[in-house]
Amino acid sequence: LLLASRSYAKAKGGGKPAASTSNRGKVRVKDPKGVASEDASASGESAASAGGADEIDAEFEMPTDPLPPTYDPALDVGPGGRPLFAFTDTFASFSHRGVNAYVDFTLDEWKAMLPEGLPAGMMKEFQDTRRCAVMVRESFLDLRDNFRRIVDPAITAKRKDTKRQIILDGPRSCGKSIALAMLVHWARTEGWLVFYVPQGKDWTHGGFFYRNTYSDLFDTPVLAGKVLQDFLKYNETRLQQLPCQIFEPIPLGEGTGVGMMKGADTVEMPEGSTLYDLIQTGITHSHAAVGVVVRLRKELSLVKDVPVLFAIDQYNSWFTFTEYQEPVTVRSCRSIHAKELTTVNAYRSMLHNDMMVGAFSHSTAVGKLRQELPDVPSDARLIFPRYTVDEAETVCHYYMRQKIIRRESFSEEKWKKIYYLSNGNGSEMRWLAAFI
């Protein structure tokens, strides 16, 4: 049986009992939008009726479907006979002895934990494998444990090599964005307050912008409103419990398509306001959106009741030029740098004591940056590795499990060939697995 929901190992470990479904016995294939194709269902019924020897083609279920009561555990065997999937619902319980195992969530569970959006590379992996599972790698556990030691005083006393600010750099398709998404998932299950930006390039491309004459920076009120809405999606309950600690007036700017507000240039938060009230002010009044985003950054630095983590994907987009241009003469314009945007200027710096992770994305084509970046500690950059040989072996077993690699043609020689040809590149391994 080919599944796109929970692994057998997880269900056997105490999951909810399976419920009956109306689409049993059909091959259901997701298109890029995640919708099952009826044509594929029809062809699947014909293939199933033919009675092929490979039972793995007999059925495919959508990621949100419950597990069937019968299942062949022999399909979930990884390298050396080890289980391919882990008995856990969270990344918190993983130790370094349990690396190179897959954790299986439904797509709805991923979207519930990361409502701001999932990385494009992660979604591509889910679509190609038809399963919403990710592998827990040694490099991810090192990243998780770094921030765990910062928060846990007992662990911190034993280990001194922690970093509060980290930039994930490395080759393209080595898993930086997926590791960052997994870190956000783990931190939120631990009760942390996480400011997650899955697409940092959106802060520098598209939408209305104008020069703020008071700050001499460029405001993007449409983007600011979306940032506030995204931050509220997962953190609403927590934000209602955190009081505002800064009560200075918040400057007002231009509203979206309506210009400056007449008769007022600032707004003040009343005593007793919470961070939820602050964010609602920016969402309700577009004149205050940019000012609220800047104020929120300062407020989050003062939160002591709960750990706060800033997680920025496509972080390298904040160190180059935007798509915005400012007229200089009648016939010429100049490109506006990301540091000239009010929102980026408020969140880009790592010269503080807050926990912050930024992941470079080489698929955004922003160009190669210099080693020493402004507003970034010199030791913040961490080179994220491609798959090791052991990780590649597990990945190939998983691809065989998901029918990307045919079971009858799978061998040690084949998966090693895939690994060395791709040099551990995740997307290339997935592509080669289907053709070699």
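Structure shown above.
Residues numbered from 1 in each chain as written. Predicted model: local features only at pLDDT ≥ 70, side-chain atom pairs only at ≥ 80, totals over all residues. Heavy atoms only, no water.

Asker: Before we move on, could you go through the overall build of the protein chain and cite the residues and values that matter?
Answerer: Looking only at helices and strands, one finds 14 helices and 13 strands in the protein chain. Burial statistics for the protein chain: of 436 residues in total, 51% are counted as buried. Sequence-distant contacts, at least 24 apart, represent 74% of the contacts inside the protein chain between residues at least 6 apart. As displayed, the protein chain has an accessible area near 20,300 Å², and 52% of this comes from carbon and sulfur atoms. (Helix = DSSP H or I, 4+ residues; strand = E, 2+ residues; numbered from the N terminus. Buried < 20%, exposed > 50% of the residue type's maximum accessible area, 1.4 Å probe, protein only. Contact = heavy atoms within 4.5 Å. Areas by Shrake-Rupley, 256 points an atom, 1.4 Å probe, with all protein chains shown as cover.)

Asker: Any details on the sheet that holds strand β13 (residues 381–383)? Residues and values, ideally.
Answerer: Read across the open sheet, the five strands follow the order β4-β9-β12-β3-β13; overall the sheet is parallel. In this open sheet, the two edge strands, each paired with only one partner strand, are β4 (193–197) and β13. Neighbour-to-neighbour, the strand axes of the sheet open up by a mean angle of 20°, direction not taken into account. Here three bridges tie strand β3 (residues 165–169) to β13, and the two strands are oriented parallel to one another. Bridge pairing links Asp169 to Ile383 in β13. (Pairing = 2+ DSSP bridges. Axes fitted to C-alpha atoms, helices over the stretch in contact; angles between N-to-C directions.)

Asker: Can you lay out the environment of Ala179 for me, pointing to particular residues and giving the numbers?
Answerer: Tracing the backbone shows Ala179 in helix α7 (residues 176–189). Each C-alpha atom of the pair Ala179 and Leu141 lies 9.3 Å from the other, and the pair is 38 residues apart in sequence. Setting aside residues no more than four positions away along its own chain, Ala179 makes contact with Phe140, Leu143 and Phe384.

Read these as geometric descriptors, not functional statements.
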